[in-house]
Amino acid sequence: MITQRQSDILNLIVDIFTQTREPVGSKALQASINSSSATIRNDMAALEKIGLLEKAHTSSGRLPSQEGFRYFVEHSLTLDQIDEQDVYQVVKDFDHEFFKLEDILSQAAQTLSQLTGYTAVVLDVEPSRQVLTSFEVVKLSHHDALAVLTLDDTTPVTVQFAIPKSFLDSDLNTLKTVVIERFVGERVLDIHYRLRTEIPQVMQRYFKRTDHVLDLFDYIFSAMFRENLILAGKGNVLTFAGLETYQFLDNDQALALEIRSSLDQNHKQAVQIAESKEESLSDLTVIHQHFLIPYRGLGIITLIGPVELDYRRIMSLMNIIAQVLTAKLGDFFRYLNSNHYEVN
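As a convention, each chain's residues are numbered from 1 in the sequence order in which they are written. Selection of residues for local features in this predicted model requires a pLDDT of at least 70, selection of side-chain atom pairs for listing and counting requires 80 or more, and totals for whole chains, interfaces and linings are taken over all residues. Hydrogens and water molecules were not included; the side-chain quantities draw on all heavy atoms of the structure.

1. A short note on the UniProt feature "domain: Heat-inducible transcription repressor HrcA C-terminal" (unreviewed entry) in the chain
Moving on, step 1. Using the residue numbers shown here, the UniProt feature "domain: Heat-inducible transcription repressor HrcA C-terminal" (unreviewed entry) corresponds to residues 102–315.
Moving on, step 2. We count a stretch as a helix when DSSP gives it H or I for four or more residues in a row; a strand needs E for two or more, and each element gets its number in order from the N terminus. What you have in residues 102–315 is 36% helix and 26% strand, and the ends, taken at the C-alpha atoms, are 23 Å apart. UniProt positions are given in the numbering used here, feature names are shortened, and annotations may be inferred rather than shown by experiment.

As structure tokens, then:
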């Protein structure tokens, strides 16, 4: 355990370093730490010995280590300092009408990325927790058709598929009937279970020939299990990480899985400072924060950046965006439920 003076020194070095990106010497601390230069140097040496500071190669100054940043976030970080310019910019970015849920989530990702210069990700409610609220089939030609699934009245999923050769003219309507009777109004997780247990047993009641029908059901409904993920500032990652990280961001489903596994459903935030189990993120800071999507559940906003972050500003900014985002989503769903907006 470090002393209060050592904690003050570490906090001050973190604050100065994140603003200047320069090693911090004892003289820069004397105005704020009521001790002699020699005492401060001794405390800096003690902090270095336990791994919270590192000595710069080019000067006598010190800089925070990964463990030092981690200690700062866990023991000293408060969000009582709010940048008024950040608040103004966030409110300004959201100060217009949105007609689609995805546009609101996209605005949040873009705002976070633009205000930080890093990479931002926004995840919708976990697919398994969503509800299938409508289903339609549109025949495009003699050979193919389009299935239109809507989740939570807000998220349309379209799947184009080849019509099985064994299908009769009426079988597309039968497909729609089965889905409406057995799936509409059900959670995606329950639909997944029914596809494996109930549907194979009832196919012969509905279809004279069942060749490839189960495969068709699997193909259509597999789209519901894909994560709705929005990424902003992907190119920014190349300024603080390598090509491997950039390529990992191309895999939406793997990225979504990594994010969900890093933030427990019962926690508001998680800060990983060079702690991610994903190798391409293991030397970076990844911050996750839940936000409420009214009437539907929890989404996640994530920032990916270097370890040397201005944690006070970044986490305060994420908190502001989460609050404004939730308020905007509340307006969106109230208008949607009153049929003010039509979502296509």
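2. Quick look at helix H4 (residues 84–93)
Moving on, step 1. Of all the residues in H4, the buried ones are Asp-86, Val-90 and Asp-93. All buried residues of H4 lie within an arc of 65° about the axis, which places them on one face of the element.
Moving on, step 2. It only takes one pair of heavy atoms within 4.5 Å for two residues to be counted as in contact. Elements in contact with the buried residues of H4: helix H5 (101–116) and helix H12 (311–337).
Moving on, step 3. Backbone nitrogen of Gln-85 and a side-chain oxygen of the N-cap are separated by 2.8 Å at the start of H4; the cap is Asp-83. Buried residues are those whose accessible area, probed at 1.4 Å on protein chains only, stays under 20% of the maximum for their type, while exposed residues exceed 50% and partly exposed ones sit between those limits. Note that the arc is computed from the directions linking the helix axis to the C-beta atoms. Here a polar contact is taken to be a pair of N or O atoms separated by no more than 3.5 Å, where protein atoms must pair a possible hydrogen donor with a possible acceptor and residues adjacent in sequence count only if both atoms sit in side chains.

3. What to know about the pairing of strand E6 (residues 155–162)
Moving on, step 1. Burial along E6 is one-sided: Thr-155, Val-157, Val-159 and Phe-161 are buried, while Pro-156, Thr-158, Gln-160 and Ala-162, pointing the other way, are not.
Moving on, step 2. Pairing between strands is defined by DSSP: at least two bridges between the two strands are required. Note: strand E5 (residues 144–151) against E6, 8 bridges, orientation antiparallel. Paired with Ala-145 across the strands is Phe-161, a residue of E6.
Moving on, step 3. From the end of E5 to the start of E6, which pair antiparallel, there are 3 residues, and Asp-152 there has a positive phi angle of about 55°.

4. Comments concerning the sheet that holds strand E4 (residues 132–139)
In a beta sheet, neighbouring strands are held together by backbone hydrogen bonds and run either parallel or antiparallel to one another.
Moving on, step 1. Spatially, the 3 strands line up as an open sheet ordered E4-E5-E6, and their pairing is antiparallel. Unpaired on one side and paired on the other, E4 and E6 mark the two borders of the sheet. Taken over all neighbouring pairs, the strand axes of this sheet differ in orientation by 15° on average, direction set aside.
Moving on, step 2. Across 7 bridges, E4 lies against E5 in antiparallel orientation. Each bridged residue has a counterpart across the sheet, and for Ser-134 the counterpart in E5 is Thr-150.
Moving on, step 3. Along the sheet, helix H9 (residues 213–221) contacts E4, E5 and E6; its crossing angle with E6, the most-contacted strand, is approximately 145°. Axis definition: a line fit to C-alpha positions, over the contact stretch in the case of helices; interaxial angles, taken between N-to-C directions, run 0 to 180 degrees.

5. Brief notes about the pattern of salt bridges
Oppositely charged side chains can form a pair if their charged atoms are brought close together.
Moving on, step 1. A pair is scored as a salt bridge if a Lys or Arg side-chain nitrogen falls within 4 Å of a carboxyl oxygen belonging to Asp or Glu. For the coordinates displayed, the defined rule picks out 19 salt bridges.
Moving on, step 2. In this structure, Asp-124 and Arg-296 form a salt bridge, with 3.0 Å as the shortest nitrogen-oxygen distance. Pair noted here: Asp-124 is in the loop between strand E3 (119–123) and E4 and Arg-296 is in the loop between strand E9 (285–293) and strand E10 (297–305), with a separation of 172 residues, a long-range link. The pair formed by Asp-124 and Arg-296 is uniform in burial state, with each residue classed as buried.

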